[in-house]
Amino acid sequence: MEAKVGKFFESVTSFFSGSDQLPWCDSDIIAGCEKEAAEAGKGSEELKNECLTRFSWALVHSRRSEDVERGIVMLEASLASTADPMKMREKLYLLAVGHFRRGGYSRSRELVEQCLMIEPEWRQAQSLKKAIEERITKDGVIGIGIAVTAAGLVAGGIAAALSRKN
């Protein structure tokens, strides 16, 4: 019984905290990836692209919105020159993560669906899609709750005003 109660409170806490299973990246890792990318600029094109992809990964997994935005811009700029479907899949996924972190759930869902068109069984993309759909549902439930509360307050105010008149 205690386990069921604990699971219930855990699920309620998870619902309202909006936790997801995506990893976070700290500023030290981002700085290291940025340094690595700058140094790779002098090397081969393949090495440069690998380092930029790692740097983009670190940025979109950051807790700082400026970093996430920077990662999105870098990834969008590199999409046009990406011909390899697997590299395209990876960049689309990272873009989806960035938009998810920014709260752009509909754009994130579009991007993750493009990933799944390339690789339908990719578990990472499937997990992200599930997290996106859960967040959209949660936001909808909270929005409905706010609207119902506001309507209740208005109705209560009207009822109180009418009862004072009589």
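What counts, and where the lines are drawn
Residues numbered from 1 in each chain as written. Predicted model: local features only at pLDDT ≥ 70, side-chain atom pairs only at ≥ 80, totals over all residues. Heavy atoms only, no water. Helix = DSSP H or I, 4+ residues; strand = E, 2+ residues; numbered from the N terminus. Expected span 1.5 Å × (residues − 1). Buried < 20%, exposed > 50% of the residue type's maximum accessible area, 1.4 Å probe, protein only. Arc of directions from axis to C-beta. Contact = heavy atoms within 4.5 Å. Salt bridge = Lys/Arg side-chain N within 4 Å of Asp/Glu carboxyl O.

## Some thoughts on helix α2 (residues 27–40)
- Relative to the 20 Å expected for 14 residues at 1.5 Å per residue, α2 spans 20 Å between its end C-alpha atoms, a close match to the ideal helical length.
- The complete set of buried residues in α2 reads Ile30, Cys33, Ala37 and Ala40. Taken end-on, α2 shows its buried residues confined to a sector of 90 degrees, consistent with a single buried face. Facing away from the buried side of α2 by more than 90 degrees, the exposed set consists of Asp28, Lys35 and Ala38.
- On its buried face, α2 sits against α3 (45–60) and α4 (65–79).

## Section: the side chain of Asp67
- Of note, Asp67 is situated in helix α4.
- The exposure class of Asp67 is buried, given its relative accessible area of 8%.
- Not counting the four nearest positions on each side in its chain, Asp67 is found in contact with Ile30, Leu59 and Ser62.

## Here we look at α3
- The end-to-end C-alpha separation of α3 is 22 Å, in line with the 22 Å expected for 16 residues at 1.5 Å each.
- Where α3 is concerned, the buried positions are Cys51, Phe55, Ser56, Ala58, Leu59 and Val60.
- Residues of α3 that are buried in the fold lie against α2, α4 and α5 (85–102).

## Description of the environment of Cys33
- Among the secondary structure elements, Cys33 is positioned in helix α2.
- Along the primary structure Cys33 and Arg54 are separated by 21 residues, whereas in three dimensions their C-alpha atoms are 6.6 Å apart.
- Ignoring sequence-local partners within four residues, the contact set of Cys33 consists of Arg54, Phe55 and Ala58.

## What to know about the pattern of salt bridges
- A full pass over the atoms with the stated rule returns eight salt bridges.
- Residues Glu66 and Arg64 are paired through a salt bridge, measuring 2.9 Å at the closest nitrogen-oxygen approach.
- We classify Glu66 as partly exposed; its relative accessible area is 47%.
- We classify Arg64 as partly exposed; its relative accessible area is 45%.
- Where Arg102 meets Glu69, a salt bridge forms, and the shortest distance between an N and an O atom there is 2.7 Å. A residue pair is termed long-range when its members are at least 10 positions apart, and Arg102 in helix α5 and Glu69 in helix α4 qualify at 33 residues.
- In the salt-bridge network here, residues are joined through shared partners; they are Arg64, Glu66 and Asp67.

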